[in-house]
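Residue strings, one per chain:
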Amino acid sequence: MRGCDFTCNRPKGVRLISDLKFIVDQNVGKLAKWLRMMGYDTLFFNRGDDSRIIATALAEGRVILTRDTQIMKRRLVTSGRLKAILIQSDNPELQMHRVIDSLGLDCHFRPFTLCLECNHPLVERDKEQVKDLVPPYVFQTQSQFMECPSCHRIYWRGTHWQAMTQKLKTFIRS
Ligand SMILES: [Zn+2]
């Protein structure tokens, strides 16, 4: 298991990160960024195509997060072959609480490993490699950079990132 940026009192190894992958529908799309931020492989479907969501979840062993009660009535879900969690709140923070509570997610997540936009694993880049790709202030003040090989976004642990991880810590602890 890779390093954990956070500390908590739960026993280690309760749930390996690789155990869980998600698929979210358009109604709970904000969850995708949070889960990717935590290092969970999360697909996002921006069209309400239930059959495709079901088929992909089944083929790839993904947990479905949805606000669609019809999905919850599918035989695959009611029989327990597919795990799906019904999200009832409109509020993204409450939605995240629901996911964390339902699955007992703990702090052993891996922030800074997946692209928040396209779910692709990030790769580390040397500082010199990103010199012309990030603002000068960022280049001067940051030392670790990651790039998404798919969309070529560059990530660093700036203030936006820190705010998101702080928020995640409150989700986990409360
Ligand atoms: Zn990307």
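Note that this is a predicted model, so its numbers are computed, not measured.

**Quick look at the sheet that holds strand E4 (residues 84-86)**
- Across the sheet, 4 strands lie side by side as E2-E1-E3-E4; this open sheet has parallel pairing. For this open sheet the edge positions go to strand E2 (42-44) and E4, each flanked by a neighbour on one side alone. Each neighbouring strand pair of the sheet contributes to a mean axis angle of 20°, computed without reference to strand direction.
- Across the sheet, helix H5 (residues 92-103) is in contact with strand E1 (22-24), strand E3 (63-66) and E4; its angle to E4 comes to roughly 135°.

**A closer look at the coordination of the zinc ion**
- Cys115 (SG), Cys118 (SG), Cys148 (SG) and Cys151 (SG) make up the full set of protein donors to the zinc ion, lying at 2.2 to 2.3 Å.
- Classification of the site at the zinc ion rests on its 4 donor atoms, whose angles at the metal span 100 to 124°, yielding the label tetrahedral.
- For cysteine 151, a relative accessible area of 31% gives the class partly exposed.

**Re the confidence of the model for the protein chain**
- Within the protein chain, residue pLDDT values average 85, and 86% of them lie at 70 or more.
- Within the protein chain, helix H7 (residues 159-173) has the poorest average pLDDT of any element, 81, and E4 the best, 96.
- Long-range and interchain partners of residues 1-17, a stretch whose pLDDT sits below 50, account for 35 contacts in this model, where long-range means more than four residues apart.

**Notes on the nonpolar core**
- Grouped together as the largest cluster of nonpolar side chains are 32 residues, with contacts concentrated most on Phe22, Leu31, Leu35, Leu65, Met96, Val99 and Leu105.
- Counting residues per element, the ones that place at least two in this core are E1, helix H1 (30-37), E3, H5 and H7.
- Setting aside chain neighbours within four positions, we find leucine 35 in contact with Phe22, Tyr40, Thr42, Leu65, Met96, Val99 and Leu105.
- Among the nonpolar cores identified, the runner-up in size contains 10 residues, and Ile23, Ile54, Ala57 and Leu82 belong to it.

**A closer look at H5**
- Across its 12 residues, H5 extends 17 Å between first and last C-alpha, which sits within 8% of the 16 Å expected from 1.5 Å per residue.
- Considered for burial, the residues of H5 that qualify are Gln95, Met96, Val99, Ile100 and Leu103. Angular distribution of buried residues about the axis of H5 spans 135°; they occupy a single face of the element.
- Where H5 begins, one side-chain oxygen reaches toward the backbone nitrogen of glutamate 93, 2.6 Å away; that side chain belongs to asparagine 91.
- One or two residues past the end of H5 sits glycine 104, with phi positive at roughly 60°.

Basis of the calculations
Residues numbered from 1 in each chain as written. Predicted model: local features only at pLDDT ≥ 70, side-chain atom pairs only at ≥ 80, totals over all residues. Heavy atoms only, no water. Pairing = 2+ DSSP bridges. Helix = DSSP H or I, 4+ residues; strand = E, 2+ residues; numbered from the N terminus. Axes fitted to C-alpha atoms, helices over the stretch in contact; angles between N-to-C directions. Contact = heavy atoms within 4.5 Å. Donors = N, O, S within 2.8 Å, 3.2 Å for Na, K, Ca; no water. Tetrahedral: all angles 85-135°; square planar, octahedral: opposite > 155°, others 65-115°. Buried < 20%, exposed > 50% of the residue type's maximum accessible area, 1.4 Å probe, protein only. pLDDT = per-residue confidence, 0-100. Core = buried A, V, L, I, M, F, W, Y, C linked by side-chain atoms within 4.5 Å. Expected span 1.5 Å × (residues − 1). Arc of directions from axis to C-beta. Polar contact = N/O pair within 3.5 Å; in protein donor to acceptor, adjacent residues only side chain to side chain.

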